[in-house]
Amino acid sequence: MVAVPRTGWVKPVSDRRLSDLVAVGLLTQVFPPALVNEVIAQTGHTERRSRLLPARSMAYFVIGMGLYADGSYEEVWGQMADGLSWVSGGRENLTLPSKSAIFQARHRLGPEPLEALFARVAKPLGTARTAGAWLAGRRLVAVDDTYLDLQDTPLNVAFFGRPGVGKDGKPRLPQARLVALAECGTQVIFDAVVGACTSSEVALATELIERLEPGMLLLADRATCSYRLWQSSFGTGADLLWRVKTGLSPKYLETLGDGSWLAVIHPAVDDQSESITLRVIDCPVGDGTDDLVSYQLFTSILDTAQASADDLIGAYDQRWRISLTLDELTTHQRGARRVLRSKSPELVLQEIWGYLCCHYAIRTLMTGAATHSSRTTQRTSAPSLRPLL
């Protein structure tokens, strides 16, 4: 439930819409003030003296930048200050600081509290009744990546890099690369890593995938598939269902009753020192003509009684939902072609973690709304909810 004022509370004198105040209430419900204080202390960012812009308020401000992406510093602060005052029953009154004061307070806060806050709160939200969230008792999760355009400053270029030149021959904006884990049934991002645009997806995904848990079934595209990554992913106790890229040739062992087959793979053609046994599913798909092309799925679920080939092919179709989730984050929440406002790597990372916290809060509301209305979360879109917030 979204935080609401007690009987007798009155709306502060301002031109804010009630929905703006409720939106801040949602943020404080998902990220309670006591928890925000705790992670600030744990990351060593507690103030040594009383300030006009306390660290906790700045943490909410950074999350608010994701909610009001088209607003100036002053406009975002005004929205958050009124909302925090409303939620606290008037006990927390914040005055409007200068843009320079907000900038300095962001520097004092740093990115660590926002990253720690996301790590503490974000988790899969699907229940046993959530459509598209499960297969054979395993929670469907997916991994994918996206890029975020950054301010063209020497510091951002040096830290994050830039992806070459555009079609017009001009240098493109520097970019950060975000690799995320999302729950397919609710489209909630519950884990992420951020790196330079020059970082490989496999390198970033390795750090992320090592945090998988038993009972999950990870869906991944061929860009992520490699022997070592499969090995480390399976070592977490999670099961895997990955589309295969060329070059990772399985060695046939036997055909199973549903047409899938068991095989072994090795680190490389010239490296047979170790192997992994897995199950292969051949998936014919149309190519727009009368011909059929085929791709392969690898899975660690070897028992056809637990999940048939058709079940696994249907489950893999859920992987595309993480693409919709990342589109929500980069287009609908942030705004199409919008460049992050931060001009230094430290504040870029802070801003990205703030966006992720904001997206998680919105998705929490969407999941709750879908549950109470008996709709599937997948039929509730972020673009339709953001105007309300």
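Computed from a predicted structure; not experimentally measured.

**Points about the side chain of Glu183**
Consideration 1: As for its position among the elements, Glu183 is in strand S3 (residues 175-183).
Consideration 2: At a separation of 2.5 Å, a polar atom in the side chain of Glu183 contacts the side chain of Arg139.
Consideration 3: Residues within four places of Glu183 in sequence aside, it is in contact with Pro124, Leu125, Gly126, Arg139, Leu140, Val141, Val188 and Phe190.

**Details of helix H3 (residues 55-67)**
Every α-helix carries 3.6 residues per turn, so stepping three or four residues along brings you back to the same face.
Consideration 1: Over its 13 residues, H3 runs 19 Å from end to end, which matches the ideal 18 Å to within 8%, given 1.5 Å per residue.
Consideration 2: Of all the 13 residues making up H3, twelve are buried; the element is thus mostly covered by neighbouring parts of the structure.
Consideration 3: Every buried residue of H3 is listed here: Ala55, Ser57, Met58, Ala59, Tyr60, Phe61, Val62, Ile63, Gly64, Met65, Gly66 and Leu67.

**Overview of the packing of aromatic side chains**
Consideration 1: In the structure shown here, the tally under the stated rule is seven aromatic pairs.
Consideration 2: With a centroid separation of 5.6 Å and an interplanar angle of 80°, the aromatic rings of Phe61 and Tyr73 are classed as edge-to-face. Taken as a pair, Phe61 in helix H3 and Tyr73 in helix H4 (residues 73-87) lie far apart in primary sequence, twelve residues in all. In this structure, Phe61 and Tyr73 share a single accessibility class: buried.
Consideration 3: Linked through ring pairs, Phe61, Tyr73 and Trp77 together constitute an aromatic cluster.
Consideration 4: The positively charged end of Arg243 is found above the aromatic ring belonging to Tyr295, 4.4 Å away from the centroid.

**Structural notes on the state of the cysteines**
Consideration 1: This structure, assessed with the given rule, holds zero disulfides.
Consideration 2: Of the cysteine sulfurs around Cys357, a residue in no disulfide, the closest is that of Cys358, at 8.7 Å.
Consideration 3: Look at Cys357 and you get buried, because its relative accessible area is 0%.
Consideration 4: Classification of Cys358 by relative accessible area gives buried; the value is 1%.

**A look at the pattern of salt bridges**
Consideration 1: For the coordinates displayed, the defined rule picks out 13 salt bridges.
Consideration 2: Asp239 is the salt-bridge partner of Arg138, the closest N and O atoms lying 2.6 Å from each other. One end of the pair, Arg138, is in strand S2 (residues 138-149); the other, Asp239, is in strand S6 (residues 239-243), with 101 residues separating them in the sequence. Both residues of the pair, Arg138 and Asp239, count as buried.
Consideration 3: A salt bridge links Asp258 to Arg279, with the shortest nitrogen-to-oxygen separation between them at 2.7 Å. Of this pair, Asp258 sits in the loop between strand S7 (251-255) and strand S8 (261-265) while Arg279 is found in strand S9 (residues 276-286), placing the two residues 21 residues apart along the sequence.
Consideration 4: Here Arg279 falls in the buried class, since its relative accessible area comes to 0%.
Consideration 5: Ionic contacts of the salt-bridge type, sharing partners, join the residues Asp144, Asp221 and Arg319 into one network.

**Quick word on the packing of helix H2 (residues 33-42) against helix H6 (residues 112-121)**
Consideration 1: Running from N to C, H2 and H6 cross one another at 125°; their axes reach a closest spacing of 9 Å. Viewed along their axes, H2 and H6 adopt a mutual orientation that is oblique. Taken as a pair, H2 and H6 cross one another with a handedness that is right-handed. Counted together, Leu35, Val36, Glu38, Val39, Ile40 and Gln42 of H2 and Pro113, Ala116, Leu117, Arg120 and Val121 of H6 form the full contact between these two elements.
Consideration 2: Its residues placed into classes, the contact of H2 with H6 shows eight nonpolar, one polar and two charged.

**A closer look at the environment of Gly71**
Consideration 1: Structurally, the position occupied by Gly71 is in the loop between H3 and H4.
Consideration 2: When its relative accessible area of 12% is taken as the criterion, Gly71 is described as buried.
Consideration 3: Those residues in contact with Gly71 that sit more than four places away from it in its chain are Val76 and Arg341.

Quick notes on the rules
- Residues numbered from 1 in each chain as written.
- Predicted model: local features only at pLDDT ≥ 70, side-chain atom pairs only at ≥ 80, totals over all residues.
- Heavy atoms only, no water.
- Helix = DSSP H or I, 4+ residues; strand = E, 2+ residues; numbered from the N terminus.
- Polar contact = N/O pair within 3.5 Å; in protein donor to acceptor, adjacent residues only side chain to side chain.
- Contact = heavy atoms within 4.5 Å.
- Expected span 1.5 Å × (residues − 1).
- Buried < 20%, exposed > 50% of the residue type's maximum accessible area, 1.4 Å probe, protein only.
- Phe/Tyr/Trp six-rings, centres within 6.5 Å; stacked < 30°, edge-to-face > 60°.
- Lys NZ or Arg CZ within 6 Å of the ring centre and 35° of its normal.
- Disulfide = S-S within 2.5 Å.
- Salt bridge = Lys/Arg side-chain N within 4 Å of Asp/Glu carboxyl O.
- Axes fitted to C-alpha atoms, helices over the stretch in contact; angles between N-to-C directions.
- Parallel < 35°, antiparallel > 145°, perpendicular 65-115°, else oblique.
- Left-handed = near helix turned anticlockwise from the far one by under 90°.
- Nonpolar A, V, L, I, M, F, W, Y, C, P; charged D, E, K, R; others polar.

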